[in-house]
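Examining the three-dimensional arrangement
Spelled out from the first residue to the last, the chains are:
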Amino acid sequence: MVIENPSATGASHDDAERYDFQAIQDKWMPIWEDLKPYQSDIEGDKRPRKYVLDMFPYPSGDLHMGHAEAYALGDVIARYWRQQGFNVLHPIGWDSFGLPAENAAIKRGLDPREWTYDNIEQQRTSMKRYATSFDWDRVLHTSDPEYYKWNQWLFLKMYEKGLAYRKASWVNWDPVDQTVLANEQVLPDGTSERSGAVVVKKKLTQWYFRITDYADRLLDDLRQLEGSWPAKVIAMQRNWIGRSIGADVDFTIEGRDEPVTVFTTRPDTLYGATFMVVAPDSDLAQDLVASGPSDDVRRRFATYLADVQKSSETERQATDRPKTGIFLERYAINPVNGERLPIWAADYVLADYGHGAVMAVPAHDQRDLDFARAFDLPIRIVVDTLQPVTGAIPVLQGDELPDDWPSDINEINPAKTGLALAGEGRLINSGPLDGLSKSNAIRKIIEILESAGTGRPAKNYRLRDWLISRQRYWGTPIPIIHGADGAEYPVPEDQLPVLLPPTEGLNLTPKGTSPLGGAEDWVNVPNPVDGSPALRDADTMDTFVDSSWYFLRFLSPNDETKAFDPREVDKWAPVDQYVGGVTHAILHLLYARFITKVLFDLGYVSFTEPFSALLNQGMVLMDGSAMSKSKGNLVRLSDQLDEHGVDAVRLTMAFAGPPEDDIDWADVSPAGSAKFLARAWRLVGDVTSSPEVNWRDGDRALRRVTHKFLAEAPGLIESFKFNVVVARLMELVNAARKAIDSGPGGGDPAVREAVETVALGLSLFAPYTAEDMWARLGYEPSIANYGWRGADASLLTEETVTAVVQVDGKVRDRIEVSPKIDGAALEEAARALPSVARSIGDREVVTVVARAPRLVNFVTKPAS
RNA sequence: GCCCCCAUAGCCCAAUUGGCAGAGGCAGACGACUUAAAAUCGUCACAGUGAGGGUUCGAGUCCCUCUGGGGGUACCA
């Protein structure tokens with residue numbers, strides 16, 4: 001509020017000098033709406049292109065502080081490249097399919113469409129108020145039939161290539177949301193990332209994308225991203241894919257025709273195998289139990305299996321759980337020495353990793369050892385790991401061990417210590433492998449197995465195929481028709497999209513099968529081949545499918561004939577800079593990378609990585625923890641915007657620290673940001689020169705500060721040091737203020753130059769304030785379309801610099817020298833200083849380290 | 001358990017990549033303006049860089065060990 005002071009003669013002047021963020025926002029928002037300064041598809045635009053993409057939001061209610069941070073930072077980058085003369089594509093849309101809409105709709109008895117599009121409208125309004133520089137002509141919503149039609153197209157392309165398939169398998173089942181979940185949606189504690197319910201296993205026939213076919217490429221191509229993606233994200237993806245290198249070994253089974261193949265990373269320990277373990281819930285276990293063992297074992301196995309399946313994921317993952325298992329009364333034959341190995345079923349072996357069976361080497365694997373000790377099975381050491389190798393690690397270098405290698409095996413006998421010997425060592429008890437180091441033994445045993453035809457090198461991945469079907473309404477229908485003959489018939493492309501049926505008459509309440517199945521008119525269709533009665537697939541796709549290619553749709557969002565226009569893709573893609581939360585470090589980014597590689601293989605795009613550079617912003621916390629209503633520490637964005645203004649909130653986001661760090665809202669000061677903006681804005685009122693003045697005539701000291709900023713800011717922005725740029729802007733504002741109040745005064749051309757530079761710099765962070773300053777400085781809107789100014793190199797070199805004079809590394813004096821001084825001259829000048837002579841005293845100078853013009857260091861020793 | 005990151009002033013954070021530990025801000029103290037307050041302007045104080053060792057003429061920065069905090073992943077054979 002402006003408080004009138006009737007006694008002041010310059011009341012109107014005071015009014016004008018009052019920084020009123022609300023008035024400034026109200027003034028410029030409609031003008032920008034009209035000017036559209038951020039359009040990116042202008043015909044004949046010759047500027048080089050940049051594609052700056054923010055992760056699009058899910059429309060759950062209004063924007064929150066997290067959005068405010070992400071979009072402020074993404075906007076700095078987009079505005080920066082625009083200012084650097086690039087044609088910037090900075091689009092926005094909504095990831096608008098998904099469970100929250102459906103759950104909210106069920107709760108309130110609404111159509112999910114209504115809830116979704118109302119929220120989108122609210123977010124759109126907030127984003128515009130927030131001055132995000134999006135190109136509003138390219139908006140997409142994944143829940144629009146115009147969008148999800150192309151999800152279906154993508155599905156069909158993958159189906160044709162065999163990359164989309166259906167299989168029955170034990171899947172993660174969320175008993176609250178009543179739907180299956182991808183592995184990626186189950187948290188480490190075994191609960192659903194969405195509902196928080198404890199996930200259980202259920203055997204269901206579901207649709208999968210064959211992402212494991214791409215595991216090697218997804219892993220190896222990460223190397224291309226090093227340096228441009230946060231190392232943390234790359235590490236997380238590597239971890240998630242989890243490639244293990246080893247060998248497959250075939251074991252013949254007594255009384256069975258087919259051998260059992262096991263995967264192992266330690267084929268060198270094959271001679272130490274004393275039993276075999278199969279996953280109880282595997283088909284293999286079923287098969288082994290079906291014939292051979294006694295009825296008693298069969299019964300006990302059935303009980304065991306039932307127990308295993310009842311146990312929750314959480315229980316099963318507790319690593320300190322005692323080992324359990326059942327001997328199946330079957331035997332495997334070790335291919336290298338013909339030994340009979342008893343076969344057990346135990347739940348520490350997973351059905352869906354490797355082949356669901358392992359060769360157990362208790363001496364060298366902790367899990368096998370725990371099991372062997374629990375069931376009194378033999379333990380045979382085949383690697384002598386005594387004296388953990390230090391220093392030169394001789395066993396890694398060759399086959400010979402030092403002569404003094406001690407071999408008192410009893411001291412480390414796993415049977416006694418309970419500790420498996422996993423380390424380096426020399427092979428023993430292993431026939432042809434004896435004496436070899438671990439790595440050499442691995443190489444040799446694989447050769448032996450290969451020539452015998454009983455083994456081969458193999459790789460395995462932690463990554464599983466991507467389960468994409470969901471038993472819910474608010475998603476993309478899967479474009480498959482199931483014939484009466486049980487076969488799958490893809491919906492012909494010209495019949496896309498398969499529209500979601502209206503919600504009227506449907507019961508959306510989760511019940512374990514898709515609500516779409518209840519839409520009689522929709523689900524019953526003629527077989528596309530022969531017209532016989534058939535049923536639509538009633539499942540919908542995981543919404544991560546939607547977001548796995550949306551960055552391509554932005555390039556031609558209104559194209560009705562194809563998913564994306566290859567000419568536009570060539571122009572813009574891949575994304576130059578992607579900005580979003582680290583919460584998507586695995587899921588979304590892995591899926592988008594996968595789909596990009598698929599599209600590359602199908603010939604639709606010419607690149608294999610979708611996002612050339614990635615910036616992960618941190619989270620916005622309050623009092624040390626994530627904001628939530630239940631914790632009572634929620635800070636409402638709209639309140640912050642009302643109180644401090646859009647620009648102050650945006651500036652605070654940029655200034656709080658490095659963008660990838662979390663911001664604790666309790667530690668930062670939007671009021672301080674507002675104060676700074678007001679201070680910057682008020683500078684304009686003190687600029688009394690006209691826009692035509694010649695800056696060269698201005699005060700040199702202030703000009704130097706201005707040009708130092710002009711020189712430094714671009715590099716800082718490009719390395720995401722937004723907080724430092726803001727600090728530099730504050731310095732520049734302080735310098736300009738000083739020049740006005742106690743220097744050459746507001747009429748000096750350097751003051752205008754400095755203030756204009758402040759406006760240009762500020763336009764990245766505080767667009768309203770900057771635009772208003774720009775107008776008051778005498779320019780036409782929009783400041784977003786004025787380029788950056790180059791620094792004048794002649795103003796960057798100081799006339800003198802301060803050189804530090806050290807004696808034995810301690811600072812003893814400082815001298816002002818020319819920046820062009822050479823080492824000898826610097827040394828000479830320093831030596832002449834009385835302080836230096838005093839410090840050296842009667843000691844002898846041994847070396848002089850001169851780093852002109854900054855530093856000279858006299859290194860001394862006592863006089864001899 | 002394994003892998004990764006971080007630690008600088010009361011607080012948030014800088015430090016030209018091995019060269020004077022401090023750019024900026026918050027909070028604080030004092031002063032100017034004011035009848036007073038707010039706003040504004042100005043001045044000031046505060047750490048030797050989590051601990052220990054090493055390399056170096058010189059270490060916040062590089063190496064090793066440890067402590068504390070954060071993250072990822074985990075019967076994945």
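Here the structure is a predicted model, which is why all the values come from computation and not from measurement. (Residues numbered from 1 in each chain as written. Chains lettered and ligands numbered in written order. Predicted model: local features only at pLDDT ≥ 70, side-chain atom pairs only at ≥ 80, totals over all residues. Heavy atoms only, no water.)

The next subject is the packing of aromatic side chains. Applying the stated criterion to the full structure yields 41 aromatic pairs. With a centroid separation of 4.8 Å and 25° between ring planes, the pair formed by Trp 32 and Tyr 768 is classed as stacked. Here Trp 32, found in helix α2 (residues 21-35), pairs with Tyr 768, found in helix α28 (residues 767-776); they are 736 residues apart in sequence, far enough to count as distant. As far as burial versus exposure is concerned, Trp 32 and Tyr 768 are alike and both buried. Each member of the aromatic cluster is reached from another via a ring pair, and the members are Phe 155, Tyr 159, Trp 207, Phe 209, Tyr 214, Trp 466, Phe 544, Tyr 591 and Phe 594. (Phe/Tyr/Trp six-rings, centres within 6.5 Å; stacked < 30°, edge-to-face > 60°. Helix = DSSP H or I, 4+ residues; strand = E, 2+ residues; numbered from the N terminus. Buried < 20%, exposed > 50% of the residue type's maximum accessible area, 1.4 Å probe, protein only.)

Moving on to the protein's contact with RNA strand B. Neighbouring residues of RNA strand B: 49 residues in total, closest Arg 367, Arg 462, Met 730, Glu 731 and Arg 814. A breakdown of the atoms of RNA strand B within 4 Å of the protein gives sugar and phosphate a share of 61%. Here a sugar or linking oxygen of RNA strand B and a side-chain polar atom of Asp 667 are 3.5 Å apart. Here a base oxygen of RNA strand B sits 2.4 Å away from a polar atom, N or O, in the side chain of Arg 814. Among the secondary structure elements, those contributing two or more residues to the surface near RNA strand B are α9 (231-241), β9 (260-264), α12 (313-317), α24 (670-685), α26 (722-742), β29 (801-807), β31 (844-851) and β32 (855-861). Classifying every residue of the surface near RNA strand B gives 19 nonpolar, eleven polar and 19 charged. (Near = heavy atom within 4 Å. Polar contact = N/O pair within 3.5 Å; in protein donor to acceptor, adjacent residues only side chain to side chain. Nonpolar A, V, L, I, M, F, W, Y, C, P; charged D, E, K, R; others polar.)

Turning our eyes to something else, we now look at the domain arrangement of chain A. When the domains of chain A are assigned, the result is domain 1 (45-140 + 547-639), domain 2 (150-238 + 465-544), domain 3 (243-461), domain 4 (640-795) and domain 5 (801-862). Computed over C-alpha atoms, the centres of domain 1 and domain 4 are 29 Å apart. Here domain 1 meets domain 4 over a buried area of about 3000 Å², counting both sides, of which 61% is carbon and sulfur. In this assembly, domain 1 and domain 4 are joined by two salt bridges. As a salt-bridge pair, Arg 650 and Asp 75 come within 2.8 Å of each other at their nearest N and O atoms. (Domains from an automatic or database assignment. Buried area = accessible area lost by both parts, 1.4 Å probe. Salt bridge = Lys/Arg side-chain N within 4 Å of Asp/Glu carboxyl O.)

Attention shifts here to the side chain of Lys 149. When you line up the elements, Lys 149 lands in helix α6 (residues 145-160). Glu 560 provides the closest opposite charge to the buried, unpaired Lys 149, separated from it by 7.5 Å. Ignoring anything within four residues of it in the chain, the contact list for Lys 149 reads Leu 496, Pro 497 and Glu 560. (Lys, Arg positive; Asp, Glu negative; His and termini not counted. Contact = heavy atoms within 4.5 Å.)

Here we have three strands laid out as an open sheet, ordered β27-β26-β28, and mixed in their pairing. Each edge of the open sheet carries a strand with a single partner, namely β27 (625-626) and β28 (663-664). (Pairing = 2+ DSSP bridges.)

Feature annotation in UniProt assigns "domain: Aminoacyl-tRNA synthetase class Ia" (unreviewed entry) to the following positions: residues 28-225 and 463-664. For the annotated span residues 463-664, helix accounts for 26% and strand for 18% of the residues, and the straight-line distance between the end C-alpha atoms is 35 Å. (UniProt positions renumbered as here; feature names shortened; annotations may be inferred.)

Glancing now at the nonpolar core. Counting 90 residues, the largest nonpolar core has Phe 155, Phe 209, Trp 466, Leu 552 and Phe 594 as the members making the most contacts within it. Residue-level mapping places this core at the junction of two domains, with at least three residues from each of domain 1 (45-140 + 547-639) and domain 2 (150-238 + 465-544). If we ignore the near neighbours within four places in the chain, the residues touching Phe 594 are Met 158, Phe 209, Arg 210, Ile 211, Tyr 214, Leu 218 and Trp 466. The next biggest cluster of nonpolar side chains, apart from the first, holds 89 residues, and it includes Val 635, Val 668, Ala 736 and Ala 754. (Core = buried A, V, L, I, M, F, W, Y, C linked by side-chain atoms within 4.5 Å.)

Pairing analysis gives three bridges linking strand β19 (residues 480-483) to strand β22 (residues 533-536), with the strands arranged antiparallel. The partner of Ile 481 across the bridge, within β22, is Arg 536. With three bridges connecting them, strand β21 (residues 524-526) and β22 associate as antiparallel partners. Bridge pairing in β22 links Pro 526 to Pro 533. Where β21 folds back onto β22 in an antiparallel hairpin, the turn is made up of six residues, including Gly 531, whose phi is positive at roughly 80°.

In the structure shown here, the tally under the stated rule is 43 salt bridges. Where Asp 137 meets Lys 36, a salt bridge forms, and the shortest distance between an N and an O atom there is 3.5 Å. Note that Asp 137 is positioned in the loop between α5 (112-129) and β4 (140-141) and Lys 36 in the loop between α2 and β1 (49-54), a separation of 101 residues in sequence. A relative accessible area of 34% means that Asp 137 is categorised as partly exposed. The structure contains a network of salt bridges with shared partners spanning Asp 216, Asp 220, Arg 243 and Lys 459.

On the secondary structure map, Arg 256 appears in the loop between β8 (243-253) and β9. Given a relative accessible area of 17%, Arg 256 falls into the buried group. Dropping the residues within four chain positions of it, Arg 256 is found in contact with Leu 284, Asp 287, Leu 288 and Arg 330.

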